[in-house]
Amino acid sequence: MEKNDRLNISAGTKKLVYCALLTALGVVLGGMLSIPAMPLGSYTLKIGFGVLPVIIAAVLYGPVYGGVVGGLTDLIQALIFPKGPYMPWFTVIGVLFGVIPGLFFSKGQPVTWRRLLAAIFTGQTVCSVILNTLLLMWLYGSPYHIVYARIINQAVMIPLYTVMVYWLIKTLKRGGVI
């Protein structure tokens, strides 16, 4: 058997494997390598890169794959690294973390700085700043002031995610990985 015969893997299988790897990476980055912040006395903010693999899946493969990676990442994190009782609403928001940026690339549009920034800005604003803040206020009675800490956090993270995702995707494409 020649080397090329052994590596004849379908595009669907590659997507599945890459999404599984991105899910595992998201679980580790979000569960083990993130820092919980308590700016107003309660657990209202998590500083880390757990959403980065979700965004990468969404940009590379679209909203469906991004949503699946986002939902599975959140669900597996909740099972392995519980921070309280499981709340399915956070998993729904986890799905949206992948769906929203994926919509910007659903027809295979090229990855440009502008499109990527718009996708990440929209996804992070809707999911992290608006939905997660409302959910924390509703479930745990967190004060509405937490939105300010979350806005400041995203003002730093959105440009950082944009640069990192752009660089990673360009590097992976140049290396022939994707």
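Details of the structure are given in the entry above.
Overview of the structure. Note on numbering: residues in each chain are counted from 1, in written sequence order. In keeping with the predicted nature of the model, local features appear solely for residues at pLDDT of at least 70, side-chain atom pairs appear and are counted solely at 80 or more, and the whole-chain, interface and lining totals rest on all residues. Note that water and hydrogens are dropped before the side-chain values are worked out from all heavy atoms of the structure.

## A look at the overall build of the protein
Helical segments are the DSSP runs of H or I of at least four residues, strand segments are the runs of E of at least two, and each set is numbered from the N terminus. Helix and strand counts for the protein stand at seven helices and two strands. When the helices and strands of the protein are read in sequence order from the N terminus, they spell out α-α-β-β-α-α-α-α-α. A globule of 178 residues ought to have a C-alpha radius of gyration of about 16 Å, and the protein, at 17 Å, matches this closely. Categorising residues by exposure relies on relative accessible area from a 1.4 Å probe, with only protein chains included: less than 20% of the type maximum marks a residue as buried, more than 50% marks it as exposed, and the intermediate range marks it as partly exposed. For the protein, the residues scored as buried account for 39% of the 178 residues in total. Restricting to contacts in the protein with at least 6 residues of sequence separation, those with at least 24 account for 69%. Reported accessibility uses the Shrake-Rupley method at a 1.4 Å probe radius. Residues are deemed covered only where the shown protein chains occlude them. Roughly 10,000 Å² of accessible area belongs to the protein as shown, and the carbon and sulfur atoms make up 71% of that amount. Here the globule rule reads 2.2 Å times residues to the power 0.38, and the radius of gyration is calculated from C-alpha atoms. Contacts are assigned to residue pairs with any non-hydrogen atoms lying within 4.5 Å of each other.

## What to know about the nonpolar core
One finds Ile55, Val59, Val111, Leu116, Ile120, Tyr161 and Val165 to be the most contacted residues of the largest nonpolar core, which totals 30 residues. Of all the elements in the fold, those that place two or more residues in this core are α2 (11-32), α3 (52-61), α5 (88-103), α6 (113-140) and α7 (146-174). In this structure, Val165 is in contact with Leu52, Ile55, Ile56, Val59, Leu116 and Ile120, ignoring residues within four places of it in sequence. Grouping buried Ala, Val, Leu, Ile, Met, Phe, Trp, Tyr and Cys residues that are joined through side-chain atoms within 4.5 Å yields what is termed a nonpolar core.

## Digging into the environment of Ile169
For Ile169, the position within the fold is in helix α7. C-alpha separation for the pair Ile169 and Val17, spaced 152 residues apart in sequence, amounts to 16 Å. If we ignore the near neighbours within four places in the chain, the residues touching Ile169 are Val59, Leu60, Val111 and Ile178.

## Some details on the packing of α2 against α3
Between N-to-C directions, angles cover 0 to 180 degrees, with each direction set by a line fitted to C-alpha atoms, over the stretch in contact for helices. Packing of α2 against α3 leaves a shortest axis separation of 8 Å and a crossing angle of 160°. Considering their axes alone, α2 and α3 lie roughly antiparallel with respect to each other. The crossing of α2 and α3 is left-handed. Mapping the contact onto sequence places Lys15, Tyr18, Cys19, Leu22, Leu25, Gly26 and Leu29 in α2 and Pro53, Ile56, Ala57 and Tyr61 in α3. In what follows, roughly perpendicular refers to angles from 65 to 115 degrees, roughly parallel to angles under 35, roughly antiparallel to angles over 145, and oblique to any angle outside these ranges. It is the rotation of the near helix from the far one that decides the hand of a crossing: anticlockwise by less than a right angle makes it left-handed, clockwise makes it right-handed.

## Details of the state of the cysteines
Whenever a pair of cysteine sulfur atoms sits within 2.5 Å, that pair is classed as a disulfide. In this structure the tally under the stated criterion is zero disulfides. For Cys19, which is in no disulfide, the shortest distance to another cysteine sulfur is to Cys127 and amounts to 18 Å. Take Cys127: its relative accessible area is 0%, and that puts it in the buried class.

## Some remarks on the environment of Met157
With respect to the helices, strands and loops of the structure, Met157 is situated in helix α7. Measuring from C-alpha to C-alpha, the distance between Met157 and Ile47 comes to 8.8 Å, with 110 residues separating the pair along the chain.

## So, the side chain of Ser128
With respect to the element layout, Ser128 can be found in helix α6. Every residue in contact with Ser128, bar those within four places of it in the chain, is listed here: Phe97, Gly123, Thr133, Arg150 and Gln154.

## Things to note about a nonpolar patch on the surface
In this scheme, patches are assembled from residues that exceed 30% relative accessible area and form no salt bridge. Like charges are connected within 9 Å, while nonpolar side chains (Val, Leu, Ile, Met, Phe, Trp, Tyr) are connected within 5 Å. Take a side-chain nitrogen of Lys or Arg and a carboxyl oxygen of Asp or Glu: if they are within 4 Å of each other, that pair is a salt bridge. A contiguous nonpolar surface patch, about 660 Å² in accessible area, is contributed by Val64, Val68, Leu72, Leu75, Leu79, Ile80 and Tyr86. Note that Leu79 resides in helix α4 (residues 63-80).

## Let's talk about α7
With 29 residues, α7 extends 41 Å from end C-alpha to end C-alpha; this agrees with the ideal 42 Å at 1.5 Å per step. Working definition for bend: take the seven residues up to and ending at a residue and the seven starting at it, fit an axis to each, and measure the angle between the axes. Along α7, the helix axis deviates most sharply at Gln154, where the bend reaches about 25°. All buried positions along α7 are accounted for by Ile146, Ala149, Arg150, Asn153, Gln154, Met157, Ile158, Tyr161, Thr162, Val165, Tyr166 and Ile169. On its buried face, α7 is in contact with β2 (45-47), α3 and α6. Looking one or two places after α7, you find Gly176, whose phi comes out positive at around 75°. For a helix, the expected span equals 1.5 Å multiplied by the number of residues minus one.

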